[in-house]
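# Breakdown of the fold
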Amino acid sequence: MQNQTFPLILSFGVCDPVGAIGVQADCAAFAALGCHGLSAIAGLLVADSARIENMYELDSDWMAEQARTLLEDMPIAAFKVGAVGSALHLAAIAEIVSDYPDAPLVLDPFLSALPDAGLGDEEMLSALRSILAPQATALILSQSELGRMAELWRDGAERKDGDLEEDVAELTSSGLHYVLVTGSRDEHGGFSNRLYDAGGEVARVDWQHLPGPFLGAGNTYSAAFTACLARGMDAPQALALAQEYTTGALEHAQRFGMGKFIPSKFFRP
C-alpha cells in the first residue's frame, strides 16, 4: 500500500441516477485520465437516459459541509463546478474555493438537459459572474449560453457579429483566466471549441458532429479538461487532450435504455 499519488479533484454538482452527467460522470472521467474524484452534492436528479424529470436541491450548507470535511482531510489538485440549484450554492462554493487560489477551478454550470439549463435565473447568472468566475481558471459555455450571460451587461442591445470577443473580454476583465466557448460552427460546416484569455483567442480544436443523440457529451469534455489541468497541463494542452478523449468516448458510446447514448468513459483498452 502507498499514500495517495493520483491528483484529487473535488466536483460540486448534481447526483444523476443514470451516471451520464453530474458528479458520477465526472468521477468516471477523472479516473479514466489518472485522477481520483471527490464529490460535494448540491442536488438529486430524478432522471432516466431520455430526460430529467425533476431536480431536488440540497441545502447549500449541507453541500458546503461535505466539501469542508473532505478539504480538511485531503490535498485537492483541482475543483470542478457543474450545475447547482441556486445562487446560494454558488456563493457557498465561492467562499470555499477562495481558500485554495492555487488549485485550478473549472466552471461548467449550464446543464442543457435541465429545462432552462440554469439560464432562466438572473440571480444565478449574476452570482456566477460576480463572485465565482473572477476566481476561476476557466468558464466553459456555448455561444448561446455566453449570449444569455451577456444580457447582464448589454442592457437589451441586440447582439451583433463580433460581439463574442467583446463578451469574452467582459468576463476576463474581472479576473477569469480563460473562457472556453464550445460548439462554434466553422466555415466548412464543422465545429470548434475555442479558448480565450484577456488577449483574445489562444487555442482551438476542430471536430465533426457525431450521430447521437448523446447524454453527457459536454459533461465528459469539461471533466476531461479539469483532469488535464489537475495533472499539470496548461489550458491549450488540456483543450486538445480533452477533445481527443471526448471524441473517443462518444465514438464508443452505448445506449443503456430507450433514451440517448451514454459516452463510454473507459473506452481505452
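About the cut-offs
- Residues numbered from 1 in each chain as written.
- Predicted model: local features only at pLDDT ≥ 70, side-chain atom pairs only at ≥ 80, totals over all residues.
- Heavy atoms only, no water.
- UniProt positions renumbered as here; feature names shortened; annotations may be inferred.
- Buried < 20%, exposed > 50% of the residue type's maximum accessible area, 1.4 Å probe, protein only.
- Helix = DSSP H or I, 4+ residues; strand = E, 2+ residues; numbered from the N terminus.
- Polar contact = N/O pair within 3.5 Å; in protein donor to acceptor, adjacent residues only side chain to side chain.
- Salt bridge = Lys/Arg side-chain N within 4 Å of Asp/Glu carboxyl O.
- Pairing = 2+ DSSP bridges.
- Axes fitted to C-alpha atoms, helices over the stretch in contact; angles between N-to-C directions.
- Contact = heavy atoms within 4.5 Å.
- Parallel < 35°, antiparallel > 145°, perpendicular 65-115°, else oblique.
- Left-handed = near helix turned anticlockwise from the far one by under 90°.
- Nonpolar A, V, L, I, M, F, W, Y, C, P; charged D, E, K, R; others polar.

As named in an unreviewed UniProt entry, the protein is hydroxymethylpyrimidine kinase, taken from Massilia timonae CCUG 45783. Its UniProt record gives the protein the following Pathway (unreviewed entry) comment, quoted word for word: "Cofactor biosynthesis; thiamine diphosphate biosynthesis."

This brings us to helix 3 (residues 87-97). A large share of helix 3 lies buried, amounting to eight of its 11 residues. Buried residues of helix 3: Ala87, His89, Leu90, Ala92, Ile93, Ala94, Ile96 and Val97, and no others. The backbone nitrogen of Leu88 has a side-chain oxygen 3.3 Å away, supplied by the residue at the start of helix 3, namely Ser86.

Here we come to the pattern of salt bridges. Taken as a whole and assessed by the stated rule, the structure comprises seven salt bridges. Here Asp99 makes a salt bridge to Arg68, at a shortest N to O gap of 3.1 Å. Within this pair, whereas Asp99 is found in the loop between helix 3 and strand 5 (105-107), its partner Arg68 is found in helix 2 (residues 60-71), the two being separated by 31 residues in sequence. In this structure, the salt-bridge partner of Glu151 is Arg148, at a minimum N-O distance of 3.2 Å. Here Arg148 and Glu151 lie together in helix 5 (residues 143-154), a separation of three residues that amounts to about one turn. Taking relative accessible area as the criterion, Arg148 reaches 18% and is therefore assigned buried.

Right, let's talk about the sheet that holds strand 2 (residues 36-47) for a bit. The strand order across the open sheet formed by nine strands is 3-2-1-4-5-6-7-8-9, and the pairing between neighbours is mixed. In this open sheet, the two edge strands, each paired with only one partner strand, are strand 3 (52-57) and strand 9 (200-207). With strand direction ignored, the average angle separating the axes of adjacent strands in the sheet is 20°. Seen against the sheet, helix 5 touches strand 6 (138-142) and strand 7 (178-185) and runs at an angle of roughly 105° to strand 6. Helix 8 (residues 235-251) rests against strand 7, strand 8 (191-197) and strand 9 of the sheet, and its axis sits at about 15° to strand 9.

We now examine the environment of Gly259. Relative to the elements of secondary structure, Gly259 occurs in the segment after helix 8. C-alpha of Gly259 to C-alpha of Pro213: the two residues are 46 residues apart in sequence and 8.5 Å apart in space. Ignoring sequence-local partners within four residues, the contact set of Gly259 consists of Ser49 and Ala50.

When strand 6 meets strand 7, the two strands line up parallel, connected through five bridges. Following the sheet pairing, Leu141 is matched in strand 7 by Val181. Relative to strand 8, strand 7 runs antiparallel, the two sharing five bridges. In the strand pairing of strand 8, Val179 is matched with Tyr196.

Attention now goes to the pairing of strand 9. Bridging between strand 8 and strand 9 involves seven bridges; their strand directions are antiparallel. Across the sheet, Asp197 pairs through a bridge with Gly200, a residue of strand 9. Taking the residues that link successive antiparallel strands as the turn, the strand 8-strand 9 hairpin has two residues.

Before going further, it helps to examine the packing of helix 5 against helix 6 (residues 163-172). It is the contact of helix 5 with helix 6, at a shortest axis distance of 10 Å, that shows an interaxial angle of 65°. If you check the angle between helix 5 and helix 6, you find them roughly perpendicular. Regarding helix 5 and helix 6, the two cross each other, and that crossing is left-handed. Counted together, Gln143, Leu146, Met149, Ala150, Trp153 and Arg154 of helix 5 and Asp163, Leu164, Glu166, Asp167, Val168, Glu170 and Leu171 of helix 6 form the full contact between these two elements.

Further remarks concern the packing of helix 3 against helix 4 (residues 122-132). Two numbers describe how helix 3 lies on helix 4: the axes approach to 9 Å, and their chain directions differ by 10°. Taken together, the axes of helix 3 and helix 4 lie roughly parallel to each other. Contact residues: Ala87, Leu90, Ala91, Ile93, Ala94 and Val97 in helix 3; Glu123, Met124, Ala127, Leu128, Ile131 and Leu132 in helix 4. Class assignment of the residues belonging to the contact of helix 3 with helix 4 gives a composition of 11 nonpolar, no polar and one charged.

Moving on, we get to the side chain of Ser142. Looking at where Ser142 falls in the secondary structure, it is placed in strand 6. A polar contact is formed between the side chain of Ser142 and the side chain of Ser144, at a distance of 3.1 Å. Here Ser142 is in contact with Val181 and Thr182, once residues within four sequence places are set aside.

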